[in-house]
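The lines below spell out each chain.
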Amino acid sequence: MMVDPTLAEMGKNLNEAMKILEDGGKASDPDADRRQFSRSSIPGPLQGDGQDVASILQLVQNLMHEDEEEDKPSHRMQNVGEQGHMALLGHSLAAYISVLDRERLRKLITRIASDTTLWLCRLFRYESGSAYYHEDDREGLLKVCRLVINTRYEDYSTEGYTVLNSRQPVIYQSATCRPGLGQHLCSQLALPLSSLCTVPCNTMFGSQHQMDIALLDKLIREDVETGKLPLLLIANAGTPGAGHTDKLGRLKELCEQYGMWLHIEGVNLATLALWDVSSPVTAATRSDSMTLTLGPWLGLPAVPAVTLYRHEDPALSLAAGLTSSQPVEKLRALPLWLSLQYLGHDGIVEKIRHAVELSQQLLEKLKTLASIKTSDELDSEISFVDALTMVEDELNSPVVVFRFSQETSAESSGGSVEGYFAGEREVLDSLNRWLCEQLAQLVPASGVDIVELEDEGTCVRFTPLMTAAALGTQRCDVDLLVERLTELIPVLNCTLRLRLDFREEVYRHSALSYIEDLSWPGLGAVRYEPRVEELTDSKRKLEVEKINSELLVKLGDLDADLIFSTGLEFGPEKDCIFIGMATEDLDVAELVDTIAALGRDIEENGRLLENMTEVVRKGIQEAELQLQKDNQDKLMEEGVLRQIPLVGSVLNWFSPFQSTVKGRTFNLAAGSLDSTEPTYSMKAQTGGLASPETPTSSAKRLPGQRLFRREGAGGSDSHSETSSVGQAEDFSRERFPQPTTPSPVPDEAVSVVPESPEIPQVPAEPEPTQEKGEVGTQEKERQPDGQDAPVEETGR
């Protein structure tokens, strides 16, 4: 069998390139370190001799993984697989085939386009259809609109948009269509927004996610009566949000009645490839056109979307852009042509069936959980998770949507949601966002994401048809998803109940302010407010920011299971402390008391440090003045002869002189100079002010018990009242052991005594004392009675 050497080389290079790029961001060659410059965001100059293929691929790999850190797991990439390699090979083949001679190129692309169209029409039961391949999934609908305009306005090809003035065209779409789809069509077709009519969904009967057919009929009749032309209707076979399907059979009858074009899109169109197709989706085969997104359905990267349509006039199709006379544009179908042949009919059906089975498996698992109810079985009195799944006649829909909701009648343990009705919707939305983020992180292969529904709010969506092929989702992943969901539900329930308790406990402390932030998924937010009232607004703001920043650091260092943070990145509240999710054994009272105690300590310590500078400065000035006065008095008492070095020593030996000038001690806490007479009389330093005792906790935690935890549901709470101040004191005592002396030690004292010739000078070494704010000197040598002797410091 003869093989084109270029094709063989292309396949070999593709395999080598994929191996390099899928190497997880780690260089496999020894010269990788020398190419670290390629990670830079600044492009370097082109090399004169060029680079080889391996170097270029290594550069691409570095650019793909330049934001990843070694200590963090990389983001889960799409599972390309062999079928993905075929799709990627198709893009390379398209570039190679485009250089063939014109005749061979025409025959090849005709075969590729006809085969792909035939396979897709048979696979999705769309008889006598044509296909348009496009990169943007909205492009096919746009071309269809041009085709319908050219069909309904015969002079449009010659007169242009002026013929639209006679009868304004109207495009109808469901309220659940993709956001911005109708506006995009009007913009590209140069139509006013008045040509777009959005049809609401059912409000009285039927699913709230399906188009209201009776209202649509009324709107069409009104437009016809006003001289407008109903042009096209966009229906859903699987809404972008919840995966619901409109009543396509009724809509087709209505379109035939008014001569309108029916276009259908949605994820549920994939189920047309299955034998057991639900009746609502089967009606899509009677539509005038429909758009298929085979890439995510089959896990094929970079394959085009396909719009199947029925029209018998090839000239109008060419005018609308659905067909092209350029052979190269028809090569868009080549990646899909290769992939479909590689998978085969059975492989394609198996992938779609596997996705549907995964959704059915999750739905059945949710039904077995007492706390999770499907939409047709929902009982708001006993459930706190609402599963908004398919409507009753859509048993094969591959979309499952569920939502956490509050428990209204379950027994409460320490809290209740009664009275929390105000802002309930916003709180539940924030909790469901957290739930989806946790599930996506814990089970990345599930592919769950967040969806915002108008009536239900924020929900968690599981769409295996859009993610399973790319992520390789299996049945074990669904089991793991249900297991993690079961573990997270009690945390959500406890957090929702304890939010009220947390708010009430914060109101009990005058120094704390409760911050109402409904978008925060957790217990809530609190701010410590300084108690000084004379501060200006600017200084008070800086003080609040400083205290709460230090408080957040201290709380983060505690041995607790709670998460403390500054809240959402773009949240409205600043300078606050946000508390994360809670568990059943959380002691809310102890938590709030600890926050208040730590904040008070930080405020008092900060105030002491601010006042220390001024106190010390004034005390030093006063001490200097007092020393000058004492030196003058001492000089007058001793006389001039005693000041002469040799004469003074002899005179002091024959006639010792007792000075009446006493020393002074500087009390840092009081900011005053005191006499040292009590020190000499008691032979130990004593002070007039006692150091304020640090409050200690009267209760102790059990060994191994973490902060803010109760002993048990029925146990005593005495072990959950540990004060953070007591913890700080215990830590200080362990680090700096207190000396054991029989006599009391004075508070803050600095001995300042005038020089006396009768008392020999003993070298002293400063040594830190144990009590806060005390500064003093002590001798290295102890007196016989075990007490320290005072050391005088000259005032000279």
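Please refer to the structure higher up on the page.
These numbers were taken from a predicted model, which means no experiment stands behind them. (Residues numbered from 1 in each chain as written. Predicted model: local features only at pLDDT ≥ 70, side-chain atom pairs only at ≥ 80, totals over all residues. Heavy atoms only, no water.)

Trainee: So what's going on with the overall build of the protein chain? Which residues, and what values?
Mentor: Secondary structure summary: the protein chain contains 21 helices and 21 strands in total. Relative to its full complement of 796 residues, the protein chain shows a buried share of 45%. A separation threshold of at least 6 residues defines the contact pool for the protein chain, and within that pool the share at least 24 residues apart is 71%. By element, 53% of the accessible surface of the protein chain is carried by carbon and sulfur atoms, the whole surface being about 42400 Å². (Helix = DSSP H or I, 4+ residues; strand = E, 2+ residues; numbered from the N terminus. Buried < 20%, exposed > 50% of the residue type's maximum accessible area, 1.4 Å probe, protein only. Contact = heavy atoms within 4.5 Å. Areas by Shrake-Rupley, 256 points an atom, 1.4 Å probe, with all protein chains shown as cover.)

Trainee: Now, about the side chain of Asp-517: what can you tell me, with residues and values included?
Mentor: Along the chain, the position of Asp-517 falls in the loop between strand S13 (512-515) and strand S14 (524-528). Within the buried set, Asp-517 has no salt-bridge partner at all; the shortest N-O distance to an opposite charge, 7.2 Å, is to Arg-499. Every residue in contact with Asp-517, bar those within four places of it in the chain, is listed here: Arg-499, Pro-572, Glu-573 and Phe-578. (Lys, Arg positive; Asp, Glu negative; His and termini not counted. Salt bridge = Lys/Arg side-chain N within 4 Å of Asp/Glu carboxyl O.)

Trainee: For a nonpolar patch on the surface, give the residues involved together with the corresponding values.
Mentor: A surface patch of nonpolar side chains, amounting to about 680 Å² of accessible area, comprises Ile-644, Leu-646, Val-647, Val-650, Trp-653 and Phe-654. Relative to the elements of secondary structure, Trp-653 occurs in helix H19 (residues 645-654). (Patch = residues over 30% accessible without salt bridge, like charges linked within 9 Å, V, L, I, M, F, W, Y side chains within 5 Å.)

Trainee: Lay out the nonpolar core in plain terms, naming residues and giving numbers.
Mentor: Ranked by internal contacts, the top residues of the largest apolar core, which has 74 residues, are Phe-124 and Trp-297. Ranked by size, the runner-up nonpolar core spans 30 residues in total, among them Ala-560, Phe-564, Ile-579 and Val-588. (Core = buried A, V, L, I, M, F, W, Y, C linked by side-chain atoms within 4.5 Å.)

Trainee: So what about the pattern of salt bridges? Which residues, and what values?
Mentor: Throughout the structure, instances matching the rule amount to 20 salt bridges. Close ionic contact of Arg-353 with Asp-276 constitutes a salt bridge, the shortest N to O distance being 3.9 Å. With a gap of 77 residues between them, Arg-353 in helix H13 (residues 334-368) and Asp-276 in the loop between strand S5 (261-265) and helix H10 (279-282) connect regions that are remote in the sequence. Under the relative-accessibility criterion, Arg-353 is labelled partly exposed at 24%.

Trainee: Break down the side chain of Ser-317 for me, with residues and values.
Mentor: Looking at where Ser-317 falls in the secondary structure, it is placed in helix H12 (residues 314-320). A relative accessible area of 3% means that Ser-317 is categorised as buried. Ignoring any residue separated from it by four or fewer positions in sequence, one finds Ser-317 in contact with Leu-147, Tyr-309, His-311, Leu-322 and Thr-323.

Trainee: Which residues make up the packing of aromatic side chains, and what are the values?
Mentor: By the definition in use, this model includes four aromatic pairs. Plain terms: the ring middles of Phe-124 and Trp-297 are 6.2 Å apart, the flat faces sit at 55 degrees to each other, and that makes the pair tilted. Of this pair, Phe-124 sits in the loop between helix H4 (102-123) and strand S1 (130-134) while Trp-297 is found in helix H11 (residues 294-298), placing the two residues 173 residues apart along the sequence. Trp-297 shares its class with Phe-124; the two are buried. Here the aromatic cluster, defined as three or more aromatic residues joined through ring pairs, consists of Phe-502, Tyr-507 and Tyr-514. The ring centre of Tyr-126 lies 3.8 Å from the NZ or CZ of Arg-310, which sits over that ring. (Phe/Tyr/Trp six-rings, centres within 6.5 Å; stacked < 30°, edge-to-face > 60°. Lys NZ or Arg CZ within 6 Å of the ring centre and 35° of its normal.)

Trainee: So what's going on with the sheet that holds strand S7 (residues 305-309)? Residues and values would help.
Mentor: In a beta sheet, neighbouring strands are held together by backbone hydrogen bonds and run either parallel or antiparallel to one another. Strand order in this open sheet of seven strands is S1-S7-S6-S5-S4-S2-S3, and the pairing throughout is mixed. The open sheet has two edge strands, S1 and strand S3 (196-199), and neither has a second partner. Averaged over all adjacent pairs, the angle separating strand axes in this sheet is 20 degrees, with direction ignored. Bridging between strand S2 (residues 169-174) and strand S4 (residues 229-236) involves five bridges; their strand directions are parallel. The residue bridging Tyr-172 from the neighbouring strand is Leu-233, located in S4. (Pairing = 2+ DSSP bridges. Axes fitted to C-alpha atoms, helices over the stretch in contact; angles between N-to-C directions.)

Trainee: With reference to specific residues and values, describe helix H17 (residues 537-556).
Mentor: An ideal rise of 1.5 Å per residue puts 28 Å on 20 residues; H17 measures up with 28 Å between its terminal C-alpha atoms. Those residues of H17 lying buried are Glu-543, Val-544, Ile-547, Asn-548, Leu-551, Leu-552 and Leu-555. Seen from one end, H17 has its buried residues packed into an arc of 160 degrees, which puts them on one side. Pointing more than 90 degrees away from the buried face of H17 are the exposed residues Ser-538, Lys-539, Leu-542, Val-553 and Gly-556. (Expected span 1.5 Å × (residues − 1). Arc of directions from axis to C-beta.)

Trainee: Requested: an account of the pairing of strand S6 (residues 289-292), with residues and values cited.
Mentor: Alternating positions in S6 separate into two faces, Ser-289 and Thr-291 on one and Met-290 and Leu-292 on the other, with burial throughout. Note that S6 and S7 share four bridges and pair antiparallel. Each residue of the ladder has a partner; that of Thr-291, found in S7, is Thr-307.

Trainee: Give me the lowdown on H4, citing residues and values where you can.
Mentor: The first and last C-alpha atoms of H4 sit 31 Å apart over 22 residues, in line with the 32 Å expected at 1.5 Å per residue. Every buried residue belonging to H4 is among Leu-105, Ile-109, Ile-112, Asp-115, Thr-116, Thr-117, Leu-120, Cys-121 and Leu-123, and all of these are buried. Phi for Arg-125, located one or two positions after H4, is positive at around 55 degrees.

Trainee: Got a sec to walk through the packing of helix H14 (residues 424-442) against helix H16 (residues 475-507)? Specific residues and values, please.
Mentor: Taken N-terminus to C-terminus, the directions of H14 and H16 make an angle of 150 degrees; their axes are 10 Å apart at the nearest point. In terms of orientation, H14 lies roughly antiparallel with respect to H16. Read as a crossing pair, H14 and H16 show a hand that is right-handed. Across the interface between the two elements, Val-427, Leu-428, Leu-431, Trp-434, Leu-435, Gln-438, Leu-439 and Leu-442 of H14 pack against Leu-481, Arg-484, Leu-485, Leu-488, Val-491, Leu-492, Leu-496 and Arg-499 of H16. Taken together, the residues that form the contact of H14 with H16 break down as 13 nonpolar, one polar and two charged. (Parallel < 35°, antiparallel > 145°, perpendicular 65-115°, else oblique. Left-handed = near helix turned anticlockwise from the far one by under 90°. Nonpolar A, V, L, I, M, F, W, Y, C, P; charged D, E, K, R; others polar.)

Trainee: Explain the environment of Arg-221 to me, and be specific about the residues and the numbers.
Mentor: Relative to the assigned elements, Arg-221 resides in helix H8 (residues 213-225). Its relative accessible area of 40% is what places Arg-221 among the partly exposed residues. Note: C-alpha distance between Arg-221 and Tyr-258 (37 residues apart in sequence) is 9.0 Å.

Trainee: Residue-level account of the sheet that holds S13, with values.
Mentor: If you walk across this open sheet you meet the four strands as S13-S14-S16-S15, and the pairing is antiparallel. Taken across any chain shown, the strands that pair with only one partner, and hence form the sheet edges, are S13 and strand S15 (564-565). By the bridge criterion, two bridges tie S15 to strand S16 (residues 577-579) in an arrangement that is antiparallel. Note on S16: the bridge partner recorded for Ser-565 is Phe-578. Sheet strands touched by H16: S13, S14 and S16. Its angle to S13, the strand with the most contacts, is close to 150 degrees. Here H17 sits on the sheet in contact with S14, S15 and S16, set at roughly 125 degrees to S14.

Trainee: Requested: an account of the packing of H4 against H13, with residues and values cited.
Mentor: One can describe the packing of H4 onto H13 by two numbers: an axis separation of 10 Å at closest approach and a directional angle of 30 degrees. The orientation of H4 relative to H13 falls into the category roughly parallel. In this structure, H4 crosses over H13, and the sense of that crossing is left-handed. Here Ile-112, Asp-115, Thr-116, Trp-119, Leu-120 and Leu-123 of H4 come into contact with H13, specifically with Leu-334, Leu-336, Trp-337, Leu-340, Gln-341, His-345, Ile-348 and Val-349.

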